[in-house]
Amino acid sequence: MSDTQNLKQIASQVRRDIVRMVHAQNSGHPGGSLGCADFLTSLYFEIMDYDPKNFDMDAKDQDVFFLSNGHLSALWYSVLARSGAFETKELSTFRTLNSRLQGHPATKENLPGIRVASGSLGQGLSVACGTAITKKLNNDPHIVYTLHGDGELQEGQIWEAALFAAHHKIDNLIATVDFNGQQIDGPVDDIMTLGNLTAKWESFGWKVLEMDGNNMADVVKTLNHAKTLTGNDKPIVILMKTEMGMGVDFMMGSHKWHGVAPNDEQLQTALNQLEETLGDY
Amino acid sequence: MKTFNYKDRKDTRSGFGAGLFEAGKKNKNVVALCADLTGSLKMNQFADEFPERFIQCGIAEANMIGTAAGLTIGGKIPFAGTFANFATGRVYDQIRQSVAYSNKNVKICASHAGLTLGEDGATHQILEDIGLMKMLPGMVVINPCDYNQTKAATIAISEYEGPVYLRFGRPKVPNFTPENQKFEIGKALLLDEGTDVTIFATGHLVWKAIEAAEILEQKNISCEIINIHTIKPLDEKTILQSVSKTKAVVTAEEHMMNGGLGDSIAQLLSRKLPAPIEMVAVNDTFGESGTPEELLTKYDVDTENIVSAVEAVLKRK
């Protein structure tokens, strides 16, 4: 089965990449990126069936991932680079002029791994539904994965897509919600409470799973379990509890590091807490 | 001038429905989406013949646009249809990010555009859609003039790779363009040659331009009539050629003056070939309930308005 020790090492390097990328340009979103590092590392290095080195926009005969909360771009770029989609040294161009690593993910620059732009929230679940239907029409048995923020669920389009996926029995879709309870202006419950998310998704006709998004073994186990539930006429959503800023003590437990970069001193403090396992870019 | 004949009056939305069915027969990757307006958009034939390729989206246009973008990943060619108001203004950001910026091969198919939607009134009569769509980088904007041309345009866009906005409407209008005339995206059609003024018209106003030219002929004014079915990319060559000859311009469209065809042509001419121009378009107002003909008259986008515009522009020549 899975070697979570290996995944943890990759995730540690991914976290280093994130804080270094955001620091270098003094711009980006470290909080959510750090929180979801274990999830995305598991997905790309353990769960998904795809060829990281030969990107195919049409995703023929392979699994697909869409990042709907596009502000986690630093995380996605790091995982893509570490998986071999492009050279890790390109991470140093994050958010700079003429870079393929745009502030939010984009297709225009042909960065391997990106199939649709995201950043304006709430659109990724609809896109994923479309690709999942195409896979069915093409008799391609692969799975479509997504990641969403919990704050993102305040967008109405998410619930349009939730109805749509259940109605059309899109059962080759595994959506994950980063349930960290924080958004830009503060705790989600203070800004616009989401109520009982499990009951909401279930009442929309989805199969709901829960996992601890910062426990690598639980992430791998739950994602593997979700895969076994595909093909049963129901879309699947995983409510993933994470800690924003996970891995860097002073970034944890607050919404304040949603979109703020560390200064030089803070970067050093952060890097001291994150083991360099694969070599910095 | 040439005589223009037609056998019947038909709605352009039916041309879309017929073209969609043809495109679906030709290419099994063509899929269609609709937001609870299948009958209004004449998509039934496609839905009945190819049920596995027809995706009912319910009254949820934002999700429909996103789904269409996703369908392209794996090679499908989605035609997403609803009323023009809900196909553009309501979902502008979805089109902008998931379709245009992502350069997805989505065909946005917009019926009941403009005033000629009629009695439903201003909530549904979008007059800003061409402007919204043409501002998006890479978006092709097409507004055919009759049934035959809409059918041909629908087939043509299925063979073009990239995002397209296809605008058509509800009323029955003279179906005068030749059946099975090849539709070339971005190629303006010279309908009749003239010497005094060029009338550039799009959509339902093309027939009105012909009617106006017939009236003007009685007054010994010779009009060149050009059908601009593709507003973006604009056929600059054909436009400049004509204006270099006539040196006077009238534009005609069932759309807001801001952001419409006249605006595009004025931009081109002011840069490359300044000439007096008059615009027949809706001037900074919403519509209202009424019959299509009543509305075209009240909002100054009728045959008589084209005649007056030509007379006005000739005085400035």
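Parameters and conventions
Residues numbered from 1 in each chain as written. Chains lettered and ligands numbered in written order. Predicted model: local features only at pLDDT ≥ 70, side-chain atom pairs only at ≥ 80, totals over all residues. Helix = DSSP H or I, 4+ residues; strand = E, 2+ residues; numbered from the N terminus. Rg over C-alpha atoms; globule rule 2.2 N^0.38 Å. Buried ≥ 20, exposed ≤ 12 C-beta atoms within 10 Å, placed from the backbone. Contact = placed C-beta atoms within 7 Å. Pairing = 2+ DSSP bridges. Axes fitted to C-alpha atoms, helices over the stretch in contact; angles between N-to-C directions. Nonpolar A, V, L, I, M, F, W, Y, C, P; charged D, E, K, R; others polar. Parallel < 35°, antiparallel > 145°, perpendicular 65-115°, else oblique. Domains from an automatic or database assignment. Expected span 1.5 Å × (residues − 1). Right-handed = clockwise from strand over helix to strand, strands pointing away. pLDDT = per-residue confidence, 0-100.

### What about the overall build of chain A?
For step 1, the next point in the chain: In terms of regular secondary structure, chain A is built from 10 helices and 7 strands.
For step 2, the next point in the chain: What you see for chain A is a C-alpha radius of gyration of 17 Å, in line with the 19 Å of a compact globule of 281 residues.
For step 3, the next point in the chain: Taking the principal axes of its C-alpha atoms as reference, chain A extends roughly 50 × 45 × 40 Å.
For step 4, the next point in the chain: Per-residue burial for chain A yields a buried fraction of 53% across its 281 residues.
For step 5, the next point in the chain: Taking contacts inside chain A between residues at least 6 apart in sequence as the whole, the part at least 24 apart equals 76%.

### Brief notes about unusual backbone geometry
For step 1, the next point in the chain: With an omega of 0 degrees, the peptide bond running from Lys232(B) to Pro233(B) counts as cis.
For step 2, the next point in the chain: Relative to the elements of secondary structure, Pro233(B) occurs in the loop between strand S12 (230–232) and helix H9 (236–246).
For step 3, the next point in the chain: Located in the positive-phi region is Ala59(A), a residue other than glycine, with phi close to 50 degrees.
For step 4, the next point in the chain: Summarising the element assignment, Ala59(A) is placed in the loop between helix H3 (37–47) and strand S1 (64–67).
For step 5, the next point in the chain: For Ala59(A), a count of 21 C-beta atoms within 10 Å puts it in the buried group.
For step 6, the next point in the chain: The phi dihedral of Asn103(B) falls on the positive side, at around 50 degrees, and the residue is not glycine.
For step 7, the next point in the chain: Mapped onto the elements of the fold, Asn103(B) is located in the loop between helix H5 (92–101) and strand S5 (107–111).

### Description of the sheet that holds strand S2 (residues 30–34) of chain B
Residues and elements named next belong to chain B.
For step 1, the next point in the chain: Across the sheet, which stays open at both edges, the 7 strands sit in the order S3-S2-S4-S5-S7-S6-S12 with mixed pairing between neighbours. With partners counted over all chains shown, the strands left at the sheet margins are strand S3 (54–56) and S12, one partner each. Each strand of the sheet is rotated relative to its neighbour by a mean of 20 degrees, with strand direction disregarded.
For step 2, the next point in the chain: Two strands pair when backbone bridges link them, and S5 and strand S7 (residues 164–167) are joined in this way by 4 bridges, in the parallel orientation. Across the sheet, Lys 107 pairs through a bridge with Val 164, a residue of S7.
For step 3, the next point in the chain: Strands in contact with helix H7 (residues 147–158) are S2, strand S4 (77–83), S5, strand S6 (140–142) and S7; relative to S7, the strand with the most contacts, it is inclined by about 170 degrees.

### Here's the deal with the interface of chain B and chain A
For step 1, the next point in the chain: Listed as interface residues are 23 residues of chain B and, on the opposing side, 29 residues of chain A.
For step 2, the next point in the chain: If you list the elements that add at least two residues to the side of chain B that touches chain A, you get helix H3 (61–71) and H5 of chain B.
For step 3, the next point in the chain: Here the side of chain B that touches chain A is built from residues that sort into 9 nonpolar, 12 polar and 2 charged.

### Some remarks on the packing of helix H6 (residues 156–167) of chain A against H3(B)
For step 1, the next point in the chain: Between H6(A) and H3(B), the least distance of the axes is 8 Å, while the angle of their chain directions is 70 degrees. Between H6(A) and H3(B), the interaxial angle falls into the category roughly perpendicular. Taken together, the residues of H3(B) that come into contact with H6(A) (itself represented by Gln157(A), Glu160(A), Ala161(A) and Phe164(A)) are Ala62(B), Asn63(B), Gly66(B) and Thr67(B).
For step 2, the next point in the chain: Residues of the contact of H6(A) with H3(B), tallied by class, amount to 3 nonpolar, 4 polar and 1 charged.

### Quick notes on the domain arrangement of chain B
Residues and elements named next belong to chain B.
For step 1, the next point in the chain: For chain B, the assigned domains are domain 1 (9–174) and domain 2 (189–315).
For step 2, the next point in the chain: Computed from C-alpha atoms alone, the centre-to-centre distance between domain 1 and domain 2 is 25 Å.
For step 3, the next point in the chain: Contact with domain 1, which involves 27 residues of that partner, is made by 30 residues of domain 2.
For step 4, the next point in the chain: When the residues that make up the side of domain 1 that touches domain 2 are grouped by side-chain class, the tally is 14 nonpolar, 9 polar and 4 charged.

### Some thoughts on helix H9 (residues 216–229) of chain A
Residue and element names in this part refer to chain A.
For step 1, the next point in the chain: Along its 14 residues, H9 runs 20 Å from first to last C-alpha, staying within 8% of the 20 Å computed at 1.5 Å per residue.
For step 2, the next point in the chain: Looking at H9, one finds that the buried residues are Met 216, Val 219, Val 220, Thr 222, Leu 223 and Ala 226.
For step 3, the next point in the chain: Considering only its buried residues, H9 is in contact with helix H1 (4–25), H3, strand S3 (173–179), strand S6 (207–212) and strand S7 (236–241).
For step 4, the next point in the chain: Where H9 ends, the next residue or the one after it, Gly 231, has phi of about 80 degrees, a positive value.

### As for the pairing of S7(B)
Residues and elements named next belong to chain B.
For step 1, the next point in the chain: The two faces of S7 match: Val 164 and Leu 166 on one face and Tyr 165 and Arg 167 on the other face are all buried.
For step 2, the next point in the chain: Here 3 bridges tie S6 to S7, and the two strands are oriented parallel to one another. Counted as the bridge partner of Val 141 is Tyr 165 from S7.
For step 3, the next point in the chain: Handedness of the β-α-β unit built from S6, H7 and S7 comes out right-handed.

### Regarding the sheet that holds strand S14 (residues 277–282) of chain B
Residue and element names in this part refer to chain B.
For step 1, the next point in the chain: If you trace the 5 strands from one edge of the open sheet to the other, you get S9-S11-S10-S13-S14, paired in mixed fashion. In the strand order of this sheet, the two ends are held by strand S9 (189–192) and S14, each with one partner. Averaged over neighbouring strand pairs, the angle between their axes works out to 25 degrees when direction is ignored.
For step 2, the next point in the chain: Contacts between helix H10 (residues 261–272) and the sheet are confined to strand S10 (197–201), strand S13 (249–256) and S14, with S13 contributing the most and set at about 145 degrees to the helix.
For step 3, the next point in the chain: The strands touched by helix H12 (residues 303–315) are S10, strand S11 (223–227), S13 and S14; relative to S14, the strand with the most contacts, the crossing angle is about 155 degrees.

### Examining the pairing of S10(B)
Residue and element names in this part refer to chain B.
For step 1, the next point in the chain: Of all 5 residues making up S10, 5 are buried, and the element is well covered by its neighbours.
For step 2, the next point in the chain: Burial along S10 is two-sided: Val 197, Ile 199 and Ala 201 facing one way and Thr 198 and Phe 200 facing the other are all buried.
For step 3, the next point in the chain: When S10 meets S11, the two strands line up parallel, connected through 5 bridges. Opposite Phe 200, over in S11, you have Ile 226 as the bridge partner.

### Some thoughts on the confidence of the model for chain B
For step 1, the next point in the chain: Per-residue pLDDT for chain B has a mean of 98; in total, 100% of the residues score no lower than 70.
For step 2, the next point in the chain: What the predictor reports for the complex is a pTM of 0.97 with an ipTM of 0.97.

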